[in-house]
Each structure stands twice: as C-alpha cells, then as structure tokens.
Amino acid sequence: MKLCKLIPVIAAAATLCGCGGQHMEQYQMFAMDTYVTLSGYCDRKTLEDAGEEVRRLEGLWSVNIESSDIARLNRDGSAELSAETAGLMSFTLSMSERTGGALDPTIYPVLREWGFTTDEHHVPDDDTIAELLENVGWEKVTLDGRSASLPVGTAVDAGAVAKGYAADIIAERLKSGGVTAGIVDLGGNVLTFGQKPDGSDWKVSVRDPFGDGAAGTLSVGECSVVTSGSYERYFEQDGVRYHHIIDPATGRPADTGLESVTVIAGESKLCDALSTALFVMGEDRAFDLWRESDDFEMIMITSDKRLLISEGIADRFEPDSKKKDYSAEVIRR
Ligand code: AMP
Ligand code: MG
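Fair warning: this is a prediction, and the values are worked out from it, not measured in the lab.

The rules behind each value
Residues numbered from 1 in each chain as written. Chains lettered and ligands numbered in written order. Predicted model: local features only at pLDDT ≥ 70, side-chain atom pairs only at ≥ 80, totals over all residues. Heavy atoms only, no water. Core = buried A, V, L, I, M, F, W, Y, C linked by side-chain atoms within 4.5 Å. Buried < 20%, exposed > 50% of the residue type's maximum accessible area, 1.4 Å probe, protein only. Helix = DSSP H or I, 4+ residues; strand = E, 2+ residues; numbered from the N terminus. Contact = heavy atoms within 4.5 Å. Salt bridge = Lys/Arg side-chain N within 4 Å of Asp/Glu carboxyl O. Near = heavy atom within 4 Å. Polar contact = N/O pair within 3.5 Å; in protein donor to acceptor, adjacent residues only side chain to side chain. Nonpolar A, V, L, I, M, F, W, Y, C, P; charged D, E, K, R; others polar. Pairing = 2+ DSSP bridges. Axes fitted to C-alpha atoms, helices over the stretch in contact; angles between N-to-C directions. Donors = N, O, S within 2.8 Å, 3.2 Å for Na, K, Ca; no water. Parallel < 35°, antiparallel > 145°, perpendicular 65-115°, else oblique. Patch = residues over 30% accessible without salt bridge, like charges linked within 9 Å, V, L, I, M, F, W, Y side chains within 5 Å. Areas by Shrake-Rupley, 256 points an atom, 1.4 Å probe, with all protein chains shown as cover. Lys, Arg positive; Asp, Glu negative; His and termini not counted. Charge placed at Lys NZ, Arg CZ, Asp CG, Glu CD. pLDDT = per-residue confidence, 0-100.

Caption draft 1: Spotlight on the nonpolar core. Among the nonpolar cores identified, the biggest contains 72 residues, and Trp 61, Val 184, Leu 278, Phe 296, Met 298 and Met 300 are the most heavily contacted of them. With 13 residues, helix α7 (residues 268-291) is the single largest residue contributor to this core. Dropping the residues within four chain positions of it, Met 300 is found in contact with Leu 258, Ser 260, Val 261, Leu 278, Gly 282, Glu 283, Ala 286, Phe 287, Arg 306, Leu 307 and Leu 308.

Caption draft 2: View of unusual backbone geometry. Although it is not a glycine, Asp 238 sits at a positive phi angle of roughly 50°. The topology assignment puts Asp 238 in the loop between β13 (234-237) and β14 (240-243). The phi dihedral of Lys 305 falls on the positive side, at around 60°, and the residue is not glycine. Mapped onto the fold, Lys 305 is located in the loop between β18 (297-302) and β19 (306-310).

Caption draft 3: The arrangement of the pattern of salt bridges in detail. Counted under the stated rule, the structure contains 21 salt bridges. The closest approach of N and O atoms between Arg 55 and Glu 58, which form a salt bridge, is 3.1 Å. With Arg 55 and Glu 58 both in helix α1 (residues 44-61) and three residues apart, the pair spans about one turn of that helix. What you see here is one network of salt bridges that share partners, running through Glu 53, Arg 56, Glu 84 and Arg 173.

Caption draft 4: Structural detail: the site of ligand 1. Among the 17 residues in the neighbourhood of ligand 1, the closest are listed as Asp 157, Ser 228, Ile 246, Asp 272 and Thr 276. One of the side-chain nitrogen or oxygen atoms of His 244 is found 2.9 Å away from an oxygen atom of ligand 1. Asp 272 is positioned such that a nitrogen or oxygen atom in its side chain is 2.9 Å from an oxygen atom of ligand 1. Counted by class, the shell around ligand 1 contains nine nonpolar, four polar and four charged residues.

Caption draft 5: Main features of the sheet that holds β19. With respect to topology, nine strands assemble into an open sheet ordered β3-β4-β8-β9-β12-β17-β18-β19-β21, the strand pairing being mixed. The open sheet has two edge strands with one neighbour each: β3 (25-31) and β21 (327-331). Neighbour-to-neighbour, the strand axes of this sheet turn through a mean angle of 10°, independent of strand direction. Strand direction decides the pairing type here: strand β4 (residues 34-40) and strand β8 (residues 181-186), joined by five bridges, are antiparallel.

Caption draft 6: Summary view of the coordination of the magnesium ion (ligand 2). Protein-derived ligands of the magnesium ion (ligand 2) are Ala 160 (O), Asp 272 (O), Asp 272 (OD) and Thr 276 (OG1), with the metal-ligand distances lying across 2.0 to 2.4 Å. One chain supplies every donor for the magnesium ion (ligand 2), spaced along it as A-x111-D-x3-T. A residue pair is termed long-range when its members are at least 10 positions apart, and Ala 160 in the loop between β7 (147-149) and α6 (162-176) and Asp 272 in helix α7 qualify at 112 residues. The exposure class assigned to Ala 160 is partly exposed, which follows from its relative accessible area of 23%.

Caption draft 7: Expanded view of the packing of α6 against α7. At their nearest, the axes of α6 and α7 sit 7 Å apart, and the two run at 170° to each other. As judged from the angle between their axes, α6 and α7 are roughly antiparallel. Together, Ala 162, Lys 163, Gly 164, Tyr 165, Ala 167 and Asp 168 of α6 and Ser 268, Lys 269 and Asp 272 of α7 make up the contact between the two elements. Looking at the contact of α6 with α7 residue by residue, the classes come out as three nonpolar, two polar and four charged.

Caption draft 8: Representation of helix α2 (residues 69-76) in the model. Regarding α2, the residues found buried are Asp 69, Ile 70, Ala 71 and Leu 73. Looking at the buried residues of α2, the elements they touch are α1, β5 (78-80), α3 (83-98) and β7. Phi turns positive one or two residues past the end of α2, at Gly 77, with a value near 85°.

Caption draft 9: Up close: the sheet that holds strand β20 (residues 317-319). Strand order in the open sheet formed by three strands is β10-β11-β20, with antiparallel pairing between adjacent strands. In the strand order of this sheet, the two ends are held by β10 (202-207) and β20, each with one partner. Going from strand to strand, the sheet's axes swing by 25° on average, the running direction of each strand aside.

Caption draft 10: Quick peek at a negative patch on the surface. A cluster of acidic side chains, namely Asp 125, Asp 127, Glu 131 and Glu 134, defines a negative patch on the protein surface. Here Glu 131 shows up in helix α5 (residues 126-133).

Caption draft 11: Region of the structure containing the environment of Glu 97. The residue Glu 97 is located in helix α3 in this model. Note on Glu 97: relative accessible area 55%, which makes it exposed. Through-space distance from the C-alpha of Glu 97 to that of Gln 195 is 35 Å; in sequence the pair is 98 residues apart.

Caption draft 12: Up close: the confidence of the model for the protein chain. Summarising the model, the protein chain shows a mean pLDDT of 92, and 94% of its residues fall at 70 or more. The model gives residues 1-20 a pLDDT under 50, and that stretch makes 73 contacts with residues more than four places away or in other chains.

Caption draft 13: Just the side chain of Thr 37, in detail. Tracing the backbone through its elements, the reader meets Thr 37 in strand β4. Looking at Thr 37, its side chain comes within polar contact range of the side chain of Gln 28, at 3.2 Å.

Encoded structure:
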C-alpha cells in the first residue's frame, strides 16, 4: 500500500512532546467552522503564520463570507476564482464523477433548506426537496480554468472537501518552510507529516460514534486520516435524528446504516472527499469503489456496531479492547 509509508511517525491529538528532548509546538484556533490544531517541531510563529493561511483559505471558500469566491459565484452565477478555489472546485468535481455523484457540491441549496448552513434546522416537505433537487447536479457547474459559472438556481458548497484541501496546502507550506514533522488537524481532519524524533508511529484515534472515546487507534506513517460521521452535525425533530450528510439522490440525510466512515490516504483532500462520498454510498458500493482503487483504505462503523476494516490498513488498526459490543471484520479485495 503506497499511502502510509513505513516511516515511523507521530501521534495526532495526543503525545506532542518529550521525544528525544525536542518539543512539539502547538497552535490552536477556530476556523472553517471547527477547531484547528497545528503542531510541529518548529517555533510558534511558524504555526501562527500557517494559521493565518487557514484563515485566508476560509475567506476564499466559506459560503457564509460574502466576499469569498464561493459566495460570489453563488450570488452572481459566474466568477473569476483564485487559483486555490479553482483547484478545489476542479478536484471536487473530479471526485463527484469518481463517486457517481455521491459527492456533489451543488447539494448546497438542499443543505441550506435543512438549515445545516445556518443552524436553523427544520425538515423540509417533499415538494420543496423535489423542487430544489431539480437544480442539483455536479455536471451543471462549468469550470474553465479559473472561470466558473452556474445555471440559475444552482449553488455550490465546498464544505465536504475544503478542510482536506486546506490541510494539504498547510502541510506543504510547513514542510517547505523547513518543519521536519508535524500534525495538521482541522477538526479531526488529520494529516501527519515527517518523522517523530523518537521514530515511533503517529497514533490517530477513530472516534466511537456511540459514546465517549475511541472505537480504535491507527498507527500510521506519513498520511491523512479523515472521518465523516453522522454524529458531527445533526438535529432531532419528533424523536428522529437528521444528520448533515445529504444523499444527492434523495435530498435527505444519507440513510445507509453507517455511523462513520474513516478514510486513510496519502492526500487529505482525497480522504475528505471520499469519507463524505462513501458515507452516502453505503458499505456495498463503498467497498466496490475501494476494490477498483489503489489509493485509499477505510474503516466503516455501521449502525449495528460492525467495524469494517479494509485489508490494507487492518494490521495498523487496533480496535479498543474495552468496546466489547463491536464486532470487527476485515474486508478483503
Ligand atoms: P464532511 O464533514 O467532510 O463529511 O462534510 C460534510 C459537509 O459537506 C456537510 O456539512 C455539508 O456542508 C456538505 N455535504 C453534505 N452532503 C454532501 C454531499 N453529498 N456532497 C457534497 N457535500 C455535502
Ligand atoms: Mg469530507
């Protein structure tokens, strides 16, 4: 498997110092609607500057910042994008195609109707959803270099890929600035780079969607680990829970018997795009896509507490022994 090189690496979210006397500096901020933690064997100023870059990217991509490239495109129907936004949109559309439309940035008007972009949640009626779905479809987006345009009624949101795309940019920036190792964590969208001074692996925990703590822990080399989960953003109405990952085929929260999908790959943007898309696709379609691919591994947690682990990552994933109600299954090619 080429994605997690056997370079012994670090531990996301946890052990951040005390390795051979070298100190891992950490900087935290709130951006892109989540807690961002940047860690590295470098001075604090380097991390603060990288944090400024996260802020700049948020300013380009947030649907809620009026001057952002994405907000301008949605408002005006066409826009000249920055190079970063054009790259993000181009990658997102390529992943829409690869996932058969399970990832679809044009789902935005539907998300907005459900209130997931404003936190004013409600369950839309069937007619409203059907009407909004007429304008949904990633093929409706025209992207020609940096020029983008949308038909009337169509709008986009890069939320499913933006954090991963940003993590790759930030890691590159830190590396080219001479940082030898570190962790870029954008709200659980984790990317590890370089080698820990003591040579040990990075440990990344996979959250237990049913309770506190972890369902298990990954020991990995330089790579990215990203989880999409139904527990991340949801509301309840009349005793029913509605989460934020929308199936573009129905305009409703994806109902595929999954609680979370964790994707492990070399690039964070790929992890982020796939974790959202595979959640929508459900276990059978997701493992079909995995079998015809060689650039990612995954761990799915189903609503009936099965841990489905793709074979390429199985020897690097340790289920939490205290969580006795889970059953673990390795999925083979
Ligand atoms: P993530 O946390 O990466 O799984 O992304 C979830 C976010 O992506 C949601 O909060 C929405 O903003 C957006 N989203 C939800 N469903 C989809 C979808 N099917 N395709 C693209 N973006 C989506
Ligand atoms: Mg995602």
